[in-house]
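Next come the chains, spelled out residue by residue.
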Amino acid sequence: DPRWALHPEPPYASGGQLCKILELDPEDYLARFSRVNLCHGEWSALAASQRASTMLNDQPRALVLLGRKVERAFFGRRGGPGYFAIAAVPESLVLALVLPHPSGLNRMWNEPGTVTRARRAFRRLERLP
């Protein structure tokens, strides 16, 4: 069900982890973000790229992209700016921040400074016009 994509409950799931990382109250998080999975079921780079194109046609102001696969879906096979960077998605006016996926499987979040870098990058994105 798309309504549950990156939902903040339970708190140990990806959406709950993202709330903690970005220091957002779950209610504020739900009100501020449209949360979307690019694929349903098994990952498909083609389906993800098609969904990314559809999302860009809706011209969101900014995106927070979670993980390398999602980054490639928006920026192409070479990928985009990399983690913690903000860049315009090619052929659009949409800015995107790329963060590691907040799943419990991603060990990058255990590295010192990762959470701080994510928070700083997110705050930069929030301040952009």
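Here we summarise the structure given alongside this text.

The rules we used
- Residues numbered from 1 in each chain as written.
- Predicted model: local features only at pLDDT ≥ 70, side-chain atom pairs only at ≥ 80, totals over all residues.
- Heavy atoms only, no water.
- Helix = DSSP H or I, 4+ residues; strand = E, 2+ residues; numbered from the N terminus.
- Buried < 20%, exposed > 50% of the residue type's maximum accessible area, 1.4 Å probe, protein only.
- Pairing = 2+ DSSP bridges.
- Axes fitted to C-alpha atoms, helices over the stretch in contact; angles between N-to-C directions.
- Parallel < 35°, antiparallel > 145°, perpendicular 65-115°, else oblique.
- Contact = heavy atoms within 4.5 Å.
- Phe/Tyr/Trp six-rings, centres within 6.5 Å; stacked < 30°, edge-to-face > 60°.
- Lys NZ or Arg CZ within 6 Å of the ring centre and 35° of its normal.
- Core = buried A, V, L, I, M, F, W, Y, C linked by side-chain atoms within 4.5 Å.
- Polar contact = N/O pair within 3.5 Å; in protein donor to acceptor, adjacent residues only side chain to side chain.

**Considerations on the side chain of S14**
Phase 1 of the analysis: Looking at where S14 falls in the secondary structure, it is placed in helix α1 (residues 14-22).
Phase 2 of the analysis: Looking at S14, the relative accessible area reads 19%, which means it is buried.

**Side note on the sheet that holds strand β2 (residues 86-88)**
Strand pairing in a sheet takes place through backbone hydrogen bonds and is either antiparallel or parallel in direction.
Phase 1 of the analysis: A sheet is described by the order of its strands in space; here 3 strands give the open sequence β1-β3-β2, paired in mixed fashion. A single partner strand is all that each edge strand has here, and the edge strands are β1 (62-66) and β2. Neighbour-to-neighbour, the strand axes of the sheet open up by a mean angle of 30°, direction not taken into account.
Phase 2 of the analysis: Strand direction decides the pairing type here: β1 and strand β3 (residues 95-99), joined by 5 bridges, are parallel.

**A look at unusual backbone geometry**
Phase 1 of the analysis: The residue after E9, namely P10, is reached through a cis peptide bond having omega -5°.
Phase 2 of the analysis: Along the chain, P10 turns up in the segment before α1.
Phase 3 of the analysis: Located in the positive-phi region is E23, a residue other than glycine, with phi close to 55°.
Phase 4 of the analysis: Positive phi, close to 60°, is recorded for E91, a residue that is not glycine.
Phase 5 of the analysis: Relative to the helices and strands, E91 is located in the loop between β2 and β3.

**Concerning the packing of α1 against helix α5 (residues 114-127)**
Phase 1 of the analysis: Direction vectors running N to C along α1 and α5 enclose 80°, while the axes themselves pass 8 Å from each other. With respect to their mutual orientation, α1 and α5 come out roughly perpendicular. Across the interface between the two elements, K20, I21 and L22 of α1 pack against V115, A118, R119, F122 and R123 of α5.

**A word on the packing of aromatic side chains**
Phase 1 of the analysis: Enumeration according to the criterion identifies 3 aromatic pairs in this entry.
Phase 2 of the analysis: On the basis of an interplanar angle of 40° and a centroid distance of 6.0 Å, the ring pair of F33 and F122 is categorised as tilted. In this pair, F33 sits in the loop between α2 (26-32) and α3 (45-57) while F122 sits in helix α5, placing the two residues 89 residues apart along the sequence.
Phase 3 of the analysis: Owing to a relative accessible area of 23%, F33 belongs among the partly exposed residues under this scheme.
Phase 4 of the analysis: Residue class for F122 comes out buried when judged on its relative accessible area of 2%.
Phase 5 of the analysis: Among the aromatic residues, ring-to-ring pairing joins Y29, F33 and F122 into one connected group.
Phase 6 of the analysis: Across from the ring centre of Y83, 3.8 Å away, lies the NZ or CZ of R68, which sits over that ring.

**A few points about the nonpolar core**
Phase 1 of the analysis: Counting 34 residues, the largest nonpolar core has L22, L38, L63, L65, F74, F84 and L99 as its most contacted members.
Phase 2 of the analysis: Of all the elements in the fold, those that place two or more residues in this core are α1, α3, β1, α4 (68-75), β3 and α5.
Phase 3 of the analysis: Excluding residues that lie within four positions of it along the chain, F84 makes contacts with L97, V98, L99, P100, M108, T114, R117, A118, A121 and R124.

**Topic: the side chain of H7**
Phase 1 of the analysis: You can see H7 is positioned in the segment before α1.
Phase 2 of the analysis: Classification of H7 by relative accessible area gives buried; the value is 17%.
Phase 3 of the analysis: Engagement of the side chain of H7 in a polar contact is seen with the backbone nitrogen of E9, the distance being 3.1 Å.
Phase 4 of the analysis: In this view, H7 contacts G15, G16, L30 and R35; residues no more than four positions away in its chain are not counted.

Taken by themselves, the reported measurements are silent on function.
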